[in-house]
Amino acid sequence: MAVALRCLRHLPSLLPRSSFAMLRGLPQAPAACPALLPDGCRQSVHQRLLTRQLATKKAKGKGQSQTRVNISAALVEDIINLEETNEDMQAVVEALKEDFGRNLSVRTSPGVLDHIIVMTKDRKFPLNQLGQISQKSPQLIIVNMTNFPESTAAAMKAIRESGMNLNPEVDGTIIRVPIPKVTREHRESLAKLAKQSTNKSKEALRKVRSKSINQVKKFKNKVSEDTIWLLEKQIQQMADSAAAEMDKLLAAKTKELLG
């Protein structure tokens with residue numbers, strides 16, 4: 001008890017710093033702490049910092065919008081890797097952005113067919129791994145299936161069911177894909193696909209969030225309730241931020257498609 005009290009006397013000098021100072025910001029135990037017990041001192045300091053931060057957030061949350069929680073990853077690295085969680089969420093956002101650019105454009109190019117997935121007898125393949133795709137004219141794309149003629153019918157089916165309003169025609173191992181005129185109906189169809197893709201991405205985002213929160217809850221018997229609460233709050237804020245990015249992408253794509 002005496003050792004703990006001597007450690008905690010040094011809290012006033014530490015608290016004015018950022019509430020979530022990095023562990024390496026405290027390289028040595030306070031002078032009053034025995035040199036053999038630096039970890040115990042650090043643990044006491046970190047717990048007080050987290051508790052103080054929680055009290056501040058709860059107080060500010062009464063009757064007004066809450067201030068954002070911002071936990072230093074170094075303080076909780078033994079519980080969860082917050083940087084990795086954020087990277088996973090941003091990867092979902094980037095995948096949606098790529099999908100919008102590749103598959104939901106009124107400007108048609110050979111690349112728009114590259115990643116259509118073809119189900120063959122063996123397994124799934126991107127169309128560009130089975131056929132040579134080229135644009136013969138602004139209104140016609142050609143898919144040459146000479147290298148994999150047995151997959152021609154499967155490629156036709158995949159193109160027709162891609163949701164891109166395409167009606168391919170086959171001549172032996174050559175697939176002709178007429179490019180439809182960009183009608184209002186086609187634009188509205190693309191806008192609906194953009195909404196569906198966004199919803200799927202948000203579901204993937206929720207899975208990342210749930211996985212991270214479940215990881216945090218595994219430590220509920222090892223750390224304080226305050227720490228668990230702050231971590232869950234931080235993860236939710238990350239998810240909210242990623243979802244907001246998706247909404248902006250959807251709004252921009254819908255404006256591009258519908259004008």
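Within every chain, residues take consecutive numbers counted from 1 along the sequence as written. Where totals are concerned, whole chains, interfaces and linings use all residues; where local detail is concerned, this predicted model gives features only for residues with pLDDT of at least 70, and gives and counts side-chain atom pairs only at 80 or more. Only heavy atoms go into the side-chain values, all of them from the structure, while hydrogens and water stay out.

Asks: Is there a simple way to explain the sheet that holds strand E6 (residues 174–178) in this structure?
Replies: Each strand in a sheet pairs with another by means of backbone hydrogen bonds, the pair being arranged parallel or else antiparallel. For two strands to count as paired, DSSP must find a minimum of two bridges between them. Each helix is a run of DSSP H or I of at least 4 residues and each strand a run of E of at least 2, with the numbering of both proceeding from the N terminus. Strand order in the open sheet formed by four strands is E3-E4-E6-E5, and the pairing between neighbours is antiparallel. Each edge of the open sheet carries a strand with a single partner, namely strand E3 (132–137) and strand E5 (169–171). Across this sheet, the average inter-strand angle for adjacent strands is 25 degrees, counted without regard to direction. Sheet topology note: the E3/strand E4 (residues 140–144) ladder contains five bridges and is antiparallel. Its bridge partner being in E4, Ile133 is matched across the sheet by Val143. The strands touched by helix H5 (residues 152–160) are E4, E5 and E6; relative to E6, the strand with the most contacts, the crossing angle is about 10 degrees. Orientation is described by lines fitted to C-alpha atoms, with helices fitted over the stretch in contact, and by angles between N-to-C directions that extend from 0 to 180 degrees. We call two residues in contact when some of their heavy atoms are within 4.5 Å.

Asks: Please clarify how the pairing of E4 should be interpreted in this entry.
Replies: Consecutive side chains of a regular strand alternate in pointing toward one face of the sheet and then the other. Within E4, four of the five residues are buried, leaving the element largely enclosed by the surrounding structure. Counting the residues between successive antiparallel strands, the hairpin from E3 to E4 contains two residues. Looking at chain direction, E4 and E6 are connected through five bridges and run antiparallel. Note that in E6 the partner of Ile141 across the bridge is Val177. Partly exposed residues are those whose accessible area sits between 20% and 50% of the maximum for their type, while under 20% is buried and over 50% is exposed, using a 1.4 Å probe and protein chains only.

Asks: Would you mind going over the packing of helix H4 (residues 82–103) against helix H7 (residues 225–258) with me for this structure?
Replies: In contact at an axis separation of 10 Å, H4 and H7 are set at 10 degrees when each is read in the N-to-C sense. The angle between H4 and H7 places the two elements in the roughly parallel class. Where H4 approaches H7, its residues Leu82, Thr85, Asn86, Met89, Gln90, Val92, Val93, Leu96, Lys97 and Phe100 are matched on the opposing element by Leu231, Gln234, Ile235, Met238, Ala239, Ala242, Glu245, Met246, Leu249, Leu250 and Lys253. Under the convention adopted here, Pro, Cys and the residues Ala, Val, Leu, Ile, Met, Phe, Trp and Tyr are nonpolar, Asp, Glu, Lys and Arg are charged, and Gly plus all remaining residues are polar. Of the residues that constitute the contact of H4 with H7, the class distribution is 14 nonpolar, four polar and three charged. Angles are sorted into four bins: roughly parallel if under 35 degrees, roughly antiparallel if over 145, roughly perpendicular if 65 to 115, and oblique for all others.

Asks: What should I look at first to understand the pattern of salt bridges in this one?
Replies: Pairing between side chains of opposite charge can happen when their charged atoms approach one another. By definition here, a salt bridge exists when the distance from a side-chain nitrogen of Lys or Arg to a carboxyl oxygen of Asp or Glu is within 4 Å. In this structure the tally under the stated criterion is seven salt bridges. Among the ionic pairs, Lys202 bridges to Asp247, the shortest N-O distance being 2.6 Å. Placement of the pair is Lys202 in helix H6 (residues 184–217) and Asp247 in helix H7, with a sequence separation of 45 residues. Of the charged contacts, one joins Glu256 and Lys253 as a salt bridge, the two residues approaching to 3.3 Å between their closest N and O atoms. Taken together, the residues Glu256 and Lys253, both in helix H7 and three residues apart, mark about one turn of the helix. Judged by relative accessible area, which is 35%, Glu256 ranks as partly exposed.

Asks: Just checking my understanding: could you explain the nonpolar core for this structure?
Replies: Buried together is how nonpolar side chains tend to be arranged in soluble globular proteins. Membership of the largest hydrophobic core comes to 28 residues, with the highest contact counts inside it found for Ile80, Leu82, Met89, Leu231 and Ile235. Only H4, H6 and H7 provide two or more residues apiece to this core. Looking at which element gives the most residues to this core, the answer is H7, with 10 residues. Those residues within four positions of Ile235 in sequence are excluded, and the remaining contacts are Ile80, Leu82, Met89, Arg209, Ser212, Ile213 and Val216. As used in this record, nonpolar core signifies buried Ala, Val, Leu, Ile, Met, Phe, Trp, Tyr and Cys residues forming a set joined through side-chain atoms within 4.5 Å.

Asks: Sorry, what's going on with the environment of Lys200 here?
Replies: The residue Lys200 is located in helix H6 in this model. In this structure, the C-alpha to C-alpha distance between Lys200 and Leu96, residues 104 residues apart in sequence, is 9.1 Å.

Asks: Sorry if this is basic, but what is going on with the confidence of the model for the protein here?
Replies: Segments scoring low in pLDDT should not have their predicted coordinates read at a detailed level. Summing up the model confidence of the protein, the mean pLDDT is 78 and the portion of residues at 70 or higher is 69%. Every residue is assigned a pLDDT by the predictor, reflecting its confidence on a scale from 0 to 100. Mean pLDDT per element in the protein: helix H2 (residues 11–14) is the minimum at 44, and E5 is the maximum at 95. Residue range residues 1–45 is modelled with pLDDT below 50. Its contacts to residues more than four positions away, or to other chains, number 45 contacts. Note on residues 51–64: pLDDT is under 50 here. Beyond four places in sequence and across chains, it has 17 contacts.

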